[in-house]
Amino acid sequence: MSDRDDVVLETKGLVKHFPITQGIVFKSKVGAVRAVDGVDLQLRRGETLGVVGESGCGKSTLAKLLVGLEKPTEGAINVRGEDMVKLRGGNLRRARRNIQMVLQDPYTSLNPRMTVGDIIGEPFEIHPEVTPRKGRASAVQDLLDTVGLNPDHVNRYPHQFSGGQRQRIGIARALALKPEIIVCDEPVSALDVSIQAQVINLLEGLQKDFGLSYIFIAHDLSVVRHISNRVAVMYLGKIVEIGNDQQIYEQPTHPYTQALLSAVPVPDPRLRGQRDQIVLEGDVPSPANPPSGCRFRTRCWKAQSVCAEQEPLLQIRDRSPHPSACHFAEPRDVVHAV
């Protein structure tokens, strides 16, 4: 089997621009927010690809594009070789079964007027071919049991469960259609630390049992390292570095990645003296008006004239053993706590 046969999800030149308009009656376009601006990613069978970056970098928009909640401005989203952007009607509905989503906030992502059984069983109404009507009640109970909840609680409402239990309900709903890919959009950020570990362990167990592939989006670098095989770092709508967990966390090559890791608190006082913390200058530029060339150059201590003139491609360079979008990429040891 070739590496290409192992790819279950691939994006090519994925772009999402939100138009900025003015006027009340006769609206005219005056610009665009470049939320996602040319993203190329590959997800392999059975792996977890972590996506990290600051708030506003485009992570959640990327997640919505992957599952079809937003339509891309440009680009392709290939799931098992089929471009979901070009599919229509029944073909699109069938393809979307294979990629599901776990949302961020378990307190708002579940309909409070629906029972847990109705919430988990709702995908069966949209895709009736998955499970016969007579078998849906038992299928819902099996899903509750799979995520560690009592199957007898099928008629309870979301408010009768804790935050961690609600997120398990969301995971059960995502599993209902037996997908191969699950996009997790900050699935533990709203939970207590102890509960986060339980949910992460559940996701890892489900991955082993069902051969799932995850896109795991988060801002907590330690959580991403724990669960991910590879990590992609986003900045202003672009992937600026990608590699396996050891490459990203032990030998980051892009200045932005190095700054992110240096900002993680170090609890061990013996290591604090070894910390070379990187303090970035200025604010994050507006995605409606990103800098020319390298988007990170306005905050980068390595920036030179070429950074403003030429946009660095995400590629392997002489001093970078893994792809990095920096003209001057080179590994740097970072003392951190992840």
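Residues numbered from 1 in each chain as written. Predicted model: local features only at pLDDT ≥ 70, side-chain atom pairs only at ≥ 80, totals over all residues. Heavy atoms only, no water.

Under an unreviewed UniProt entry, the chain has the name Putative ABC transporter ATP-binding protein and belongs to Actinoplanes friuliensis DSM 7358. The UniProt entry for the chain carries the following text under Sequence similarities (unreviewed entry): "Belongs to the ABC transporter superfamily." (UniProt positions renumbered as here; feature names shortened; annotations may be inferred.)

Colleague: Sorry, what's going on with the state of the cysteines here?
Modeller: Among covalent bonds in proteins, the disulfide is the one between the sulfur atoms of two cysteines. Scanning all chains against the criterion turns up 0 disulfides. You can see C300 has no disulfide; the closest cysteine sulfur is in C326, sitting 5.9 Å from it. (Disulfide = S-S within 2.5 Å.)

Colleague: Is there a simple way to think about the sheet that holds strand β5 (residues 82-83) in this case?
Modeller: In a beta sheet, neighbouring strands are held together by backbone hydrogen bonds and run either parallel or antiparallel to one another. Strand order across the open sheet formed by 4 strands is β2-β1-β4-β5, with antiparallel pairing between neighbours. At either margin of the open sheet sits one strand with a lone partner, and together these are β2 (28-44) and β5. Of the pairings in the sheet, the one linking strand β1 (residues 7-22) to β2 comprises 13 bridges and is antiparallel in character. Within the sheet, the bridge partner assigned to F18 lies in β2 and is V33. Along the sheet, helix α1 (residues 59-67) contacts β1, β2 and β4 (74-79); its crossing angle with β1, the most-contacted strand, is approximately 115 degrees. (Pairing = 2+ DSSP bridges. Helix = DSSP H or I, 4+ residues; strand = E, 2+ residues; numbered from the N terminus. Contact = heavy atoms within 4.5 Å. Axes fitted to C-alpha atoms, helices over the stretch in contact; angles between N-to-C directions.)

Colleague: Teacher, can you tell me more about a nonpolar patch on the surface here?
Modeller: Together, I24, V25 and F26 make up an exposed nonpolar region whose accessible area comes to about 460 Å². Judged by relative accessible area, I24 falls into the exposed class, the value being 80%. (Patch = residues over 30% accessible without salt bridge, like charges linked within 9 Å, V, L, I, M, F, W, Y side chains within 5 Å. Areas by Shrake-Rupley, 256 points an atom, 1.4 Å probe, with all protein chains shown as cover. Salt bridge = Lys/Arg side-chain N within 4 Å of Asp/Glu carboxyl O. Buried < 20%, exposed > 50% of the residue type's maximum accessible area, 1.4 Å probe, protein only.)

Colleague: In this structure, what is going on with the UniProt feature "domain: ABC transporter" (unreviewed entry) in the chain? I would like to understand it.
Modeller: Per the UniProt entry, the sites bearing "domain: ABC transporter" (unreviewed entry) are residues 9-261 in this numbering. Along residues 9-261 the backbone is 36% helical and 28% strand, and the end-to-end C-alpha distance reaches 28 Å.

Colleague: Which parts of the structure should I look at to understand the nonpolar core?
Modeller: For soluble globular proteins, the rule of thumb is that nonpolar side chains tend to be buried together. I171 and F216 are the most contacted members of the largest nonpolar core, which totals 56 residues. Core analysis: the second largest hydrophobic core is formed by 30 residues, V51, V183, M234 and I239 among them. (Core = buried A, V, L, I, M, F, W, Y, C linked by side-chain atoms within 4.5 Å.)

Colleague: I tried to follow the pattern of salt bridges on my own but got confused; where do I start?
Modeller: In a structure, side chains of opposite charge can pair up when their charged atoms sit close to one another. One pass over the full model with this rule turns up 15 salt bridges. We note a salt bridge from E82 to R94, for which the minimum N-O separation is 3.4 Å. Of this pair, E82 sits in strand β5 while R94 sits in helix α2 (residues 89-96), and the two are 12 residues apart along the sequence. Given the relative accessible area of 29%, E82 is considered partly exposed. For R94, a relative accessible area of 40% corresponds to the partly exposed category.

Colleague: I would appreciate a short explanation of the packing of helix α3 (residues 116-126) against helix α5 (residues 163-175) in the present structure.
Modeller: A pair of packed helices can be characterised by two numbers: the angle between their axes and the separation between those axes. Contact pair α3 / α5: the axes reach a minimum separation of 7 Å and the direction vectors enclose 30 degrees. Taken together, the axes of α3 and α5 are roughly parallel relative to one another. Here α3 runs over α5; the crossing is right-handed. Facing α3, whose interface residues are V116, I119, I120 and P123, α5 presents I169, A172 and R173. Classifying every residue of the contact of α3 with α5 by side-chain character gives 6 nonpolar, no polar and 1 charged. (Parallel < 35°, antiparallel > 145°, perpendicular 65-115°, else oblique. Left-handed = near helix turned anticlockwise from the far one by under 90°. Nonpolar A, V, L, I, M, F, W, Y, C, P; charged D, E, K, R; others polar.)

Colleague: Help me understand helix α9 (residues 255-262) in this model?
Modeller: An α-helical segment advances 3.6 residues per turn. Residues three or four places apart therefore align on the same side. Where burial is concerned, most of α9 is hidden: 7 out of the 8 residues are buried. Among the residues of α9, P255, Y256, T257, Q258, A259, L261 and S262 are the ones counted as buried. Each element contacted by the buried residues of α9 is listed here: α7 (221-227), β9 (230-235), β10 (238-244) and α8 (245-250).

Colleague: Got a minute to help me understand unusual backbone geometry in this structure?
Modeller: When glycine is set aside, most residues are seen to have a negative phi, and most peptide bonds are trans. The phi dihedral of K178 is positive, around 55 degrees, even though this residue is not glycine. Examined against the element boundaries, K178 turns out to sit in the loop between α5 and β7 (181-185). Residue L236 is not a glycine yet carries a positive backbone phi of 50 degrees. Topologically, L236 is positioned in the loop between β9 and β10.

Colleague: What should I look at first to understand the packing of α3 against helix α4 (residues 136-146) in this one?
Modeller: Two elements in contact, α3 and α4, have axes separated by 9 Å at closest approach and are oriented at 120 degrees. The angle between the axes of α3 and α4 places the two elements in the oblique class. Read as a crossing pair, α3 and α4 show a hand that is right-handed. Residues V116, G117, I120, G121, F124 and E125 of α3 form the contact with α4, whose own contacting residues are R136, A139, V140, L143 and L144. By residue class, the composition of the contact of α3 with α4 is 7 nonpolar, 2 polar and 2 charged.

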